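# Fold and contact review
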Amino acid sequence: MASDHPKLLLMRITLVLGSVGLLAGVASAAGNFYQDVDITWGDGRGKILNGGQLLTLSMDRSSGSGFQSRSEYLYGRFDMQLKLVPGDSAGTVTTFYLSSQGSQHDEIDFEFLGNASGEPYTVHTNVYSQGKGGREQQFRVWFDPTKDFHTYSVVWNPSHIVFYVDGVPIRDFRNMASAAVPFPTSQPMRVYASVWDAEEWATQGGRVKTDWSKAPFVATYRGFAAAGCTAGGAAACAKSNGAWMFQELDAAGQEQLRKAQATYMIYDYCTDKYRFPQGPPPECSAAK
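Residues numbered from 1 in each chain as written. Predicted model: local features only at pLDDT ≥ 70, side-chain atom pairs only at ≥ 80, totals over all residues. Heavy atoms only, no water.

How we decide: UniProt positions are given in the numbering used here, feature names are shortened, and annotations may be inferred rather than shown by experiment.
Looking at an unreviewed UniProt entry, the chain carries the name Xyloglucan endotransglucosylase/hydrolase, with the source organism given as Urochloa decumbens. Checking UniProt for the chain, the heading Sequence similarities (unreviewed entry) contains the comment "Belongs to the glycosyl hydrolase 16 family." In the Function (unreviewed entry) part of its UniProt record, the chain is described as follows: "Catalyzes xyloglucan endohydrolysis (XEH) and/or endotransglycosylation (XET). Cleaves and religates xyloglucan polymers, an essential constituent of the primary cell wall, and thereby participates in cell wall construction of growing tissues."

Structure, rendered in structure tokens:
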């Protein structure tokens, strides 16, 4: 769904995995927003604070705001600490995602769908490859994401895309090329983040609209950490020796994933019989 957004959004970032090999073309960044990102839209609604340690994005009736990383990456680990819009945030979407450009773009999404006061946020994840998305999984989290900072992470390598919340894996999208499932392997991506108005669909399918008397709606980012390959081509990045290049879930991680999905997942495209009356996409059965 992020591909329907203003394509100027960013950010992913804060748990660093072990040591990262610093071959040519491997970059490790541990966050100063002045150095790492550009605020790309919002007419001053995005602000870098505290000497580059904090970044706020705000939205009012006129506009939202967003930023993007200065570097592009082909594989890596991306962590972000994020405090979501508090109070009545119905209709708003806060994002942290990776994306390439063009009609055949790749994209890895964390989106946070706002809510009326007292109702839980929805954590929306999606994976696009070669311009095709529709691989949504949604979760409720086990904490109030507006009270404190929490870490949202993506590990992307040739075999897996793993989504983490506070170090707990909630999703593992595997490379199923053997089943003819497209997987992002060749297009460098930037990190994006934004706060924008999606009242037509974000909260209860658009039934709850944005209350503009509560504006401005402000989300706060910190702790951006990116460790990944910044070389110019897939062949060079395939030689990267960063820990993220080989990371996959061990038995304990797979059990964490199973429990998180059993407890917190509220939507899985693989079980949506309305969308897929002839059976789920091939990666759903292949991943079991």
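Resuming the write-up.
### Remarks on the confidence of the model for the chain
Where we set the bar: The pLDDT value expresses, per residue, how confident the predictor is, ranging between 0 and 100. In this description, contact between two residues means that some pair of their heavy atoms is separated by no more than 4.5 Å.
In this model, the chain carries an average pLDDT of 87, and 86% of its residues clear a pLDDT of 70 or more. Counting contacts from residues 1-24, a segment whose pLDDT is below 50, to residues more than four positions away or on other chains yields 124 contacts.

### Looking at the UniProt feature "glycosylation site" (unreviewed entry) in the chain
Put simply, the rule is: Counting from the N terminus, the helices are DSSP H or I runs at least four residues long and the strands are E runs at least two residues long. Burial classification: accessible surface area is computed with a 1.4 Å probe over protein chains only, and a residue below 20% of its type maximum counts as buried, one above 50% as exposed, and the rest as partly exposed.
Those residues carrying the UniProt feature "glycosylation site" (unreviewed entry) are Asn115 in this numbering. Relative to the elements of secondary structure, asparagine 115 occurs in the loop between strand 8 (107-113) and strand 9 (122-128). When its relative accessible area of 5% is taken as the criterion, asparagine 115 is described as buried.

### What to know about the side chain of threonine 210
Threshold: Contacts described as polar in this section are N or O atom pairs within 3.5 Å, which, within protein, must combine one atom able to donate a hydrogen with one able to accept it, while residues neighboring in sequence count only if both atoms come from side chains.
Looking at the secondary structure, you find threonine 210 in the loop between strand 14 (190-197) and strand 15 (217-229). One polar contact links threonine 210 to aspartate 197, side chain to side chain, over a distance of 3.3 Å. With near-sequence residues (within four places) excluded, threonine 210 lies in contact with Ala90, Gly91, Thr92, Asp197, Glu199 and Phe217.

### Things to note about the pattern of salt bridges
Selection criterion: Counted as salt bridges are all cases of a side-chain nitrogen of Lys or Arg within 4 Å of a carboxyl oxygen of Asp or Glu.
In the structure shown here, the tally under the stated rule is 9 salt bridges. A salt bridge links aspartate 79 to arginine 77, with the shortest nitrogen-to-oxygen separation between them at 3.2 Å. In terms of burial, aspartate 79 and arginine 77 fall into one category: buried. The structure contains a network of salt bridges with shared partners spanning Glu255, Arg258 and Lys259.

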